[in-house]
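Here are the chains, one letter per residue:
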Amino acid sequence: MSEIERLKSGREWFGFLTLQNVDAVAGRIRSMIGDGQPYTWVACNEGLGNYRPEVRTSQVAAKIRTHHDDEHASVVVVDTYGVWSINTRLSDQDAGVRREPDFSAPYLKITRSQIQIEHKAPVGARLLWTIAVQDMS
């Protein structure tokens, strides 16, 4: 099964955000939180020192968009609080594997109810985000 098929299938997936998969990653995010499903967004920022998490509960996505050209791609989510986004310049997974392990490219782990994203802020601090779909029952 290809990377794109796996993303579309709803199965667990992990890998880098790339120019090749940005639309499929955005589609997966839309399938998880794009229909008004509330979620909790948690962020840890090593630049703040002791990893005190920022937690936003009951978030609802209003828009999930992609922007891309031949050299850059991003997924942008507008939600209850504001805007969060992930960006890449990697062409494909192999380019991600060949790069230095500096967390500059977003690395995602997606399960049926959670998205974990590890990347860097523009100022260089490592960021760890978790988007957890809230149970509707």
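Further up the page is the structure itself.
What counts and what doesn't
Residues numbered from 1 in each chain as written. Predicted model: local features only at pLDDT ≥ 70, side-chain atom pairs only at ≥ 80, totals over all residues. Heavy atoms only, no water. Pairing = 2+ DSSP bridges. Helix = DSSP H or I, 4+ residues; strand = E, 2+ residues; numbered from the N terminus. Axes fitted to C-alpha atoms, helices over the stretch in contact; angles between N-to-C directions. Salt bridge = Lys/Arg side-chain N within 4 Å of Asp/Glu carboxyl O. Buried < 20%, exposed > 50% of the residue type's maximum accessible area, 1.4 Å probe, protein only. Expected span 1.5 Å × (residues − 1). Contact = heavy atoms within 4.5 Å. Phe/Tyr/Trp six-rings, centres within 6.5 Å; stacked < 30°, edge-to-face > 60°.

**Re the sheet that holds strand E6 (residues 83-88)**
- Within the open sheet, the three strands sit side by side as E4-E5-E6. Their pairing is antiparallel. The open sheet has two edge strands with one neighbour each: strand E4 (61-68) and E6. If you compare each strand with its neighbour and ignore which way they point, the axes differ by 10 degrees on average.
- As judged from the six bridges shared by strand E5 (residues 73-79) and E6, these two strands associate in the antiparallel manner. Each residue of the ladder has a partner; that of Ser-74, found in E6, is Asn-87.

**Some points on the sheet that holds strand E1 (residues 13-16)**
- Spatial ordering of the open sheet is given by E1-E7-E8-E9-E2-E3, a layout of six strands whose pairing is antiparallel. A single partner strand is all that each edge strand has here, and the edge strands are E1 and strand E3 (54-59). On average, each strand axis in the sheet is tilted by 10 degrees relative to the strand beside it, whichever way the strands run.
- In this sheet, strand E9 (residues 126-133) lies alongside strand E8 (residues 114-120) in antiparallel orientation, the contact comprising seven bridges. Following the sheet pairing, Ile-115 is matched in E9 by Ile-131.

**Observations concerning the pattern of salt bridges**
- Overall, the coordinates contain two salt bridges when judged by the stated rule.
- With a closest N to O distance of 2.6 Å, Glu-54 and Arg-56 form a salt bridge.
- Residue classification places Glu-54 among the partly exposed positions, given a relative accessible area of 34%.

**Brief notes about helix H2 (residues 22-33)**
- Look at H2: 16 Å from first C-alpha to last across twelve residues, which is about the 16 Å you get at 1.5 Å a residue.
- Among the residues of H2, Val-22, Ala-24, Val-25, Ala-26, Arg-28, Ile-29, Met-32 and Ile-33 are the ones counted as buried.

**Remarks on the pairing of E9**
- Here seven bridges tie strand E2 (residues 39-45) to E9, and the two strands are oriented antiparallel to one another. Bridge pairing in E9 places Cys-44 opposite Leu-128.
- With antiparallel pairing between neighbouring strands as the criterion, E8 and E9 make up a hairpin whose turn holds five residues, including Gly-124 at a positive phi of roughly 100 degrees.

**Some words on the environment of Phe-14**
- Mapping Phe-14 onto the fold places it in strand E1.
- In this structure, the C-alpha to C-alpha distance between Phe-14 and Ile-117, residues 103 residues apart in sequence, is 9.7 Å.
- Not counting residues within four places of it along the chain, the set of residues in contact with Phe-14 comprises Tyr-107, Leu-108 and Lys-109.

**A few points about the packing of aromatic side chains**
- What the rule picks out here adds up to three aromatic pairs.
- Judged by centre distance (5.0 Å) and plane angle (75 degrees), the ring pair of Phe-16 and Tyr-107 falls under edge-to-face. Here Phe-16 is found in strand E1, whereas its partner Tyr-107 is found in strand E7 (residues 107-110), with 91 residues between them in sequence.
- The exposure class assigned to Phe-16 is buried, which follows from its relative accessible area of 8%.
- We classify Tyr-107 as partly exposed; its relative accessible area is 24%.
- When the ring of Trp-84 is compared with that of Trp-129, the centres are 6.0 Å apart and the planes differ by 85 degrees; the resulting orientation is edge-to-face.

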